[in-house]
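Coordinates in review
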Amino acid sequence: MVISFKNQEKAYENWCEQNIKGFVFNNAGGKTGNVLHLVGCRHLTVPTRKGTYTTRYIKYCSDNLEAITFNADEISKPYSWRHCKACFKN
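One structure accompanies this document, and this report is about it. Think of each chain on its own: its residues are numbered from 1, step by step along the sequence as written. For this predicted model, a pLDDT threshold of at least 70 governs which residues receive local features, and a threshold of 80 or more governs which side-chain atom pairs are given and counted, while totals over whole chains, interfaces and linings are taken from all residues. The side-chain numbers reported here are obtained from all heavy atoms of the structure, hydrogens and water having been left aside.

1. Digging into the sheet that holds strand 5 (residues 82-83)
Which entries qualify depends on this criterion: For two strands to be treated as a pair, DSSP must find at least two bridges joining them. A run of H or I in DSSP becomes a helix once it reaches four residues, and a run of E becomes a strand once it reaches two; helices and strands are each numbered from the N terminus.
Reading across the sheet, the five strands line up as 1-4-2-3-5 and stay open at both edges, with mixed pairing between neighbours. At either margin of the open sheet sits one strand with a lone partner, and together these are strand 1 (3-5) and strand 5. In terms of strand pairing, strand 3 (residues 34-38) meets strand 5 through two bridges, oriented parallel. In the strand pairing of strand 5, valine 35 is matched with arginine 82.

2. Observations concerning the pattern of salt bridges
Put simply, the rule is: Salt bridges are defined by distance alone: a side-chain nitrogen of Lys or Arg within 4 Å of a carboxyl oxygen of Asp or Glu. When accessible area is computed with a 1.4 Å probe and restricted to protein chains, residues below 20% of their type maximum are described as buried, those above 50% as exposed, and intermediate ones as partly exposed.
Within the structure shown, the criterion is met by one salt bridge. Lysine 50 is the partner of glutamate 13 in a salt bridge, and the nearest nitrogen-oxygen pair spans 3.3 Å. Remark: lysine 50 occurs in the loop between strand 3 and helix 2 (53-56) and glutamate 13 occurs in helix 1 (residues 9-18); sequence separation between them is 37 residues. When its relative accessible area of 17% is taken as the criterion, glutamate 13 is described as buried. A relative accessible area of 56% places lysine 50 in the exposed class.

3. A closer look at the environment of glycine 40
Here glycine 40 lies in the loop between strand 3 and helix 2. Judged by its relative accessible area of 55%, glycine 40 is exposed. The sequence separation of glycine 40 and serine 80 amounts to 40 residues, and the corresponding C-alpha distance is 23 Å.

4. Side note on the pairing of strand 4 (residues 58-62)
In terms of burial, strand 4 is a largely internal element, four of the five residues being buried. Taken together, the five bridges between strand 2 (residues 23-27) and strand 4 define a ladder with antiparallel strand orientation. The residue bridging asparagine 27 from the neighbouring strand is isoleucine 58, located in strand 4.

5. Details of the nonpolar core
The nonpolar side chains of a soluble globular protein tend to be buried with one another. Put simply, the rule reads: What makes a nonpolar core is a set of buried Ala, Val, Leu, Ile, Met, Phe, Trp, Tyr and Cys residues whose side-chain atoms join them at distances within 4.5 Å. By definition in these notes, contact holds between two residues if any of their heavy atoms fall within 4.5 Å.
Core analysis: the largest hydrophobic core is formed by 13 residues, its most contacted members being Tyr12, Trp15, Cys16, Val24 and Cys61. Sequence-distant contacts of cysteine 16, defined by excluding residues within four places in its chain, comprise Val24 and Val39. Grouped together as the second largest cluster of nonpolar side chains are seven residues, Phe23, Tyr60, Ile68 and Trp81 included.

6. Side note on the side chain of asparagine 34
Quick note on the threshold: The term polar contact refers here to a pair of N or O atoms within 3.5 Å; inside protein, the definition further demands a hydrogen-donor-capable atom paired with an acceptor-capable atom, and it admits residues adjacent in sequence only when both atoms are side-chain atoms.
Among the secondary structure elements, asparagine 34 is positioned in strand 3. Side-chain polar atoms of asparagine 34 contact the backbone nitrogen of alanine 28, separated by 3.2 Å. With residues near it in sequence (within four places) discarded, asparagine 34 still touches Phe25, Asn26, Asn27, Ala28, Gly29, Ser76, Tyr79, Ser80, Trp81 and Arg82.

7. Topic: the side chain of asparagine 19
Structurally, the position occupied by asparagine 19 is in the loop between helix 1 and strand 2. Classification of asparagine 19 by relative accessible area gives buried; the value is 17%. Side-chain polar atoms of asparagine 19 contact the backbone oxygen of tryptophan 15, separated by 2.8 Å. When neighbours within four sequence positions are excluded, asparagine 19 is seen to be in contact with Val39 and Asp63.

So far we have only geometry, and geometry alone does not tell us how the molecule works.
Have a look at this one:
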């Protein structure tokens, strides 16, 4: 299951605390703005952005990688998305 958070800071933070092995997809738009992260990624936890995590971009969250990647494919059209280089190192 994929859950979305828009203007729901506390609910998003609670979800992340309860799903520390989960995934967060930022739907920022454009050709490079759609990025899949792991919960706790340094790009998602910038202290100066606290309180605005879900106001900047909609966050799509899931504890299931297959579900979140399917969701990312669907909502990113006509653009693509990418994995965060800090989270998904080869």
